[in-house]
Amino acid sequence: MPNTIGVIGLGVMGSNIALNMASKGEKVAVYNYTRDLTDKLMNQAGEAALEPYYDVERFVQSLEKPRKVFLMVTAGAPIDSVIESLTPYLESGDIIMDGGNSHYEDTERRYNDLQTKGIGYLGIGVSGGAEGALHGPAIMPGGDKEDYEKAAPILTKIAAQVDGIPCCTYIGPEGSGHFVKMVHNGIEYADMQLIAEAYTFLRQRLSLPVEEIANIFGTWNEGELQSYLIEITENILRKKDEETGKPLIDFILDKAGQKGTGKWTSLQAIDNGIANSIITEALFARYISALKDQRVKASSILNGPDSAVEPLDKKAWIEYVRQALYMGKICAYAQGFTQYKATSELHNWNLPLKEIALIFRGGCIIRAQFLNTISAIYEENPNLDNLLIAPYFAEKTREYQKGLREVVCEAVQTGIPFPSLSTALTYYDSYRTANSSASLLQAQRDYFGAHTYERNDREGVFHTDW
């Protein structure tokens, strides 16, 4: 009996995807460029329906037609190398699925190349980390709809399930699946940074012990801030260092890494004139964090505010921080979904924003309660310009902006860096401003470069001899 699907790339993610498929009744062929990872997987697989191969041709020949090959390979040149090794043995109608974090433009190039050979190519965003890959990730497939339909029975089966609905839906043509995953990761950067800033305020300005902050995050996770990231933040803050018994968070070096998807999200927005400042500031915050030695040196040279720090009412300010965090999240998701909408229109992808919000509810890193609200908003108004002006979120911002303003102002006055929360406030105020400072910018551009300008009282393009 032939295998129903093949998985290439047996690192942690690839191995877990293969085990997930096998646990859902699929007969899975597995292959890795180096034999050691294949053997390691087979040793842990037990009775799972996995069949190892050590030769690409035999691996391909073991698959039922139309063949379906799922790649979990490092993005970039390794993907191209694997595709080159596969194509001599594939036939028209077969499908290659790239489940890694490939750049969506690389996916489009590969899609076009394989289309000339009659081979389908799906760029599949997979979110949820190692645990999600094993137990059910959020899956974002892009490519030809007919190719997706061939793979859908397997993909929907291995995806996370929320209320009986798979966290997997057809995203759109070409590289749209990987694009959606890319921006998902950008939103993730912003979400994580916002939470980190909220934690910092509670710890540094309110001088709360870690255990109490863990309790606060636990309480928040029972309300409208409920999300995977809030949940794991509580768990992280409760973890003790085994040697000292003190909170482990106090022993973790404050240098954050990144793998590129946040940068790609920012660059794509910049290239296409899309404002995603909160995501970009979260990225820059990671860059600044990497300058640990410089920051330590600068801390002994540069001074902060001289004013004395007054004690704050703990209960009131904890609520301010909660409001600030929720409003910051609204603004970050508004920017991310605006990037989806603008890019969808640019490429004529017709991205299903309502369904994208739904598949983010389970498996993925940014899963959160208010994604149900976002989905309902787009169901009511698929062409909404920005989530901020949806009645539900507009009311929330009216209610919560005081908290955000208070926390940001207090952070500024006391010298606590707030790159994403302060940017969220600036974005909100910029978006709600009918008449901005850009009139002076246009006058300046016309003065030194004769770039012309438009007027607000008549039609046409004008230039002044200043």
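Heads up: the structure comes first, above all this text.
Think of each chain on its own: its residues are numbered from 1, step by step along the sequence as written. Given that the model is predicted, a residue must reach a pLDDT of at least 70 before its local features are reported, and side-chain atom pairs must reach 80 or more before they are shown or counted; all residues, however, enter totals for whole chains, interfaces and linings. To obtain the side-chain values, all non-hydrogen atoms of the structure were used and water was disregarded.

Trainee: Which parts of the structure should I look at to understand the nonpolar core?
Mentor: Side chains of nonpolar character tend, in soluble globular proteins, to be buried together. Put simply, a nonpolar core is a bunch of buried Ala, Val, Leu, Ile, Met, Phe, Trp, Tyr and Cys residues held in one set by side-chain atoms that sit within 4.5 Å of each other. For the exposure calls, accessible area comes from a 1.4 Å probe over protein chains only, and a residue counts as buried if that area is under 20% of its type's maximum, exposed if over 50%, partly exposed in between. Ranked by size, the top nonpolar core spans 81 residues in total, and within it L202, W220, F337, Y340, F360 and I374 carry the most contacts. By the criteria applied, helices consist of DSSP H or I runs no shorter than four residues and strands consist of E runs no shorter than two, each listed in order from the N terminus. At 15 residues, helix 14 (residues 314-347) tops the list of elements feeding residues into this core. Setting aside anything within four residues of it in sequence, one finds Y340 in contact with F179, V180, V183, H184, L351, L353, I356 and F360. By size, the runner-up hydrophobic cluster in this structure holds 31 residues, among which are V7, L10, I17 and L19. We call two residues contacting when some pair of their heavy atoms lies within 4.5 Å.

Trainee: Explanation requested: the pattern of salt bridges in the structure shown.
Mentor: Once the charged atoms of two side chains with opposite charge are near each other, the side chains can pair. Put simply, a salt bridge is a Lys or Arg side-chain nitrogen that is within 4 Å of an Asp or Glu carboxyl oxygen. Overall, the coordinates contain 34 salt bridges when judged by the stated rule. For D94, the salt bridge identified is with R67, shortest N-O distance 2.9 Å. One end of the pair, D94, is in the loop between helix 4 (77-86) and strand 5 (95-98); the other, R67, is in the loop between helix 3 (56-61) and strand 4 (68-71), with 27 residues separating them in the sequence. Each member of the pair, D94 together with R67, is buried. Between K354 and E355 there is a salt bridge whose closest N-O contact spans 3.5 Å. A residue is classified by how much of its surface remains accessible, and E355, at 27% relative accessible area, is partly exposed. Bridged by salt links that share partners, the residues D80, D98, D106, R109 and R110 form one connected network.

Trainee: How should the sheet that holds strand 4 be read in this particular structure?
Mentor: When DSSP locates at least two bridges between a pair of strands, those strands are taken to pair. Pairing is mixed in the open sheet, where seven strands are placed in the order 3-2-1-4-5-6-7. Whereas interior strands pair on both sides, the edge strands pair on one side only; in this sheet they are strand 3 (50-53) and strand 7 (138-142). Adjacent strand axes in the sheet meet at a mean angle of 25 degrees, parallel and antiparallel pairs treated alike. In terms of strand pairing, strand 2 (residues 28-31) meets strand 3 through four bridges, oriented parallel. By the bridge assignment for strand 3, A29 is matched with E51. What counts as an axis is a line fitted to C-alpha atoms, over the stretch in contact for a helix, and the angles between N-to-C directions run from 0 to 180 degrees. Relative to strand 4, helix 4 is tilted by about 160 degrees, and along the sheet it contacts strand 1 (5-8), strand 4, strand 5 and strand 6 (120-127).

Trainee: When you look at the pairing of strand 7 in this model, what are you seeing that I'm missing?
Mentor: In terms of burial, strand 7 is a largely internal element, five of the five residues being buried. Here five bridges tie strand 6 to strand 7, and the two strands are oriented antiparallel to one another. Among the inter-strand pairings, I124 is bridged to a residue of strand 7, identified as P141.

Trainee: Before we go on, may I ask you to explain the state of the cysteines in this structure?
Mentor: One covalent bond between the sulfur atoms of two cysteine residues makes up a disulfide. Only a pair of cysteine sulfur atoms within 2.5 Å counts as a disulfide in this structure description. Evaluation of the coordinates by the stated rule reveals zero disulfides. Of all cysteine sulfurs in the structure, the one in C167 sits closest to C168, which takes part in no disulfide; the separation is 9.0 Å. For C168, a relative accessible area of 7% gives the class buried. Lacking any disulfide linkage, C364 is separated from the closest cysteine sulfur, that of C167, by 7.4 Å. You can call C364 buried: its relative accessible area is 0%.

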